[in-house]
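# Descriptive analysis of the structure
Below, each chain spelled out in residue letters.
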Amino acid sequence: LSLPASAIESWEWDLDGDGEFDNTSQNPFYLYSEVGTYDITLRIFANGEYVENTFENYITVTDGSNISGNLSGIWDESYNPYIITGDISITNNNQLYINPGVEILFEEDSQLLVSGLLFADAFEDEPIIFTSENNWEGIRFTNTQQNNVLKNCEISNANSSAIAIDLDSRVEVSDCLIYNNSSSSLAAGINVDSSDDVIIQRNIIANNTSSSATGGIGCVASTPAIINNIIVNNSGNFGSFSLKSGSDVNLINNTIANNNSLNEMLIFNSNINIVNSIFSFYNNFYMNVGSDVDATYSCIYGGFEGIGNIDADPLFASPSAGYGTVFEGL
């Protein structure tokens, strides 16, 4: 980012603070092998002259078994497991890339807060695991317009929303297993608040519990795309969805079954459009307050007015033996 952008002749970096230059590329890569805090010096040459600047304590390298505070960089499975001992943050303009196979263990009450970029993109047979042996407070995206990605991740044992997306954040949650999480006032699986650029697709959201909200997905003043998810064996006041305060949601190709609640959904001053989905529920379909509910080409237990809707046995191949979190939904 140094200036003049088109006239720099060379770059020299001292990346470990030892007074010797280590790298001469414009955008260097450097692997730190020792825990510590490092000064960074950059010297640039242009028109036969040079300018040099040192940033003191610019890089902090932490022990993978005792991680807290601000984060950036790349995490690789070679250093598994990563032990999170306090709250961790990816601040604005910082980036954390997590490679396939990484295991992240959170100690009690710790949380991952993302205001920059979190890119956790894995494979089905080599997922990224976020969990705790006790309880942690989940992943919270807040006011980040970066292209955040959680793909092929397993997220479990959080005691607040497993994934919370707030304040106009941009996030894609795809192909994840989100299970055995709990909450009180927020959705236990995924909670979206005042955010529209959110994609929730091809996830299994199962065996989550909320004491006063929904075990599945909650939306407040948001318009996420919710596509091809399996939402099963959750428990709460509402089994699968809580949509409030002007949310406008399209539910496309979702399977919702065996959740344990008085009402499968809460729809409060919001709009919901259900297409090509299956709802097989325990009690009532929804609680509706000042909202519009449309459904087409869907299989809904008890029947529902709309083009192409049916009420029939969904013919699940291997459903759980019963409703709620006491039965295995995965």
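Scroll up a little and you will see the structure.
The rules behind these values
- Residues numbered from 1 in each chain as written.
- Predicted model: local features only at pLDDT ≥ 70, side-chain atom pairs only at ≥ 80, totals over all residues.
- Heavy atoms only, no water.
- Patch = residues over 30% accessible without salt bridge, like charges linked within 9 Å, V, L, I, M, F, W, Y side chains within 5 Å.
- Areas by Shrake-Rupley, 256 points an atom, 1.4 Å probe, with all protein chains shown as cover.
- Salt bridge = Lys/Arg side-chain N within 4 Å of Asp/Glu carboxyl O.
- Helix = DSSP H or I, 4+ residues; strand = E, 2+ residues; numbered from the N terminus.
- Buried < 20%, exposed > 50% of the residue type's maximum accessible area, 1.4 Å probe, protein only.
- Phe/Tyr/Trp six-rings, centres within 6.5 Å; stacked < 30°, edge-to-face > 60°.
- Lys NZ or Arg CZ within 6 Å of the ring centre and 35° of its normal.
- Core = buried A, V, L, I, M, F, W, Y, C linked by side-chain atoms within 4.5 Å.
- Contact = heavy atoms within 4.5 Å.

### A closer look at a nonpolar patch on the surface
- Taken together, Phe 29, Leu 31 and Tyr 79 make up a surface patch of nonpolar side chains, about 410 Å² in accessible area.
- Among the structural elements, Leu 31 can be located in the loop between strand 1 (10-14) and strand 2 (36-46).
- For Leu 31, a relative accessible area of 60% gives the class exposed.

### Quick notes on the packing of aromatic side chains
- The full count for this structure, using the stated rule, is 14 aromatic pairs.
- With centroids separated by 5.5 Å and ring planes inclined at 45°, the aromatic side chains of Phe 45 and Tyr 50 adopt a geometry described as tilted.
- Ring centres 6.2 Å apart and planes at 70° place the aromatic pair Tyr 286 and Phe 304 in the edge-to-face group. Of this pair, Tyr 286 sits in strand 32 (residues 284-289) while Phe 304 sits in the segment after strand 34 (299-300), and the two are 18 residues apart along the sequence.
- Overall, Phe 304 belongs to the partly exposed group, its relative accessible area being 21%.
- Among the aromatic side chains, those forming a connected cluster through ring pairs are Phe 279, Phe 281, Phe 285, Tyr 286, Tyr 301 and Phe 304.
- Directly above the ring of Tyr 50 sits Arg 43, whose terminal nitrogen or CZ lies 4.7 Å from the centroid.

### What about the nonpolar core?
- Among the nonpolar cores identified, the biggest contains 57 residues, and Phe 130 and Leu 150 are the most heavily contacted of them.
- Take this core: its biggest share by element is four residues, from strand 6 (residues 82-90).
- Filtering out sequence-adjacent residues up to four positions away, Leu 150 remains in contact with Leu 118, Ala 120, Phe 130, Ile 139, Phe 141, Ile 155, Ile 163, Glu 172, Val 173, Ser 174 and Cys 176.
- By size, the runner-up hydrophobic cluster in this structure holds ten residues, among which are Trp 11, Leu 15, Ile 40 and Ile 44.

Function cannot be read off these values alone, since they describe shape.
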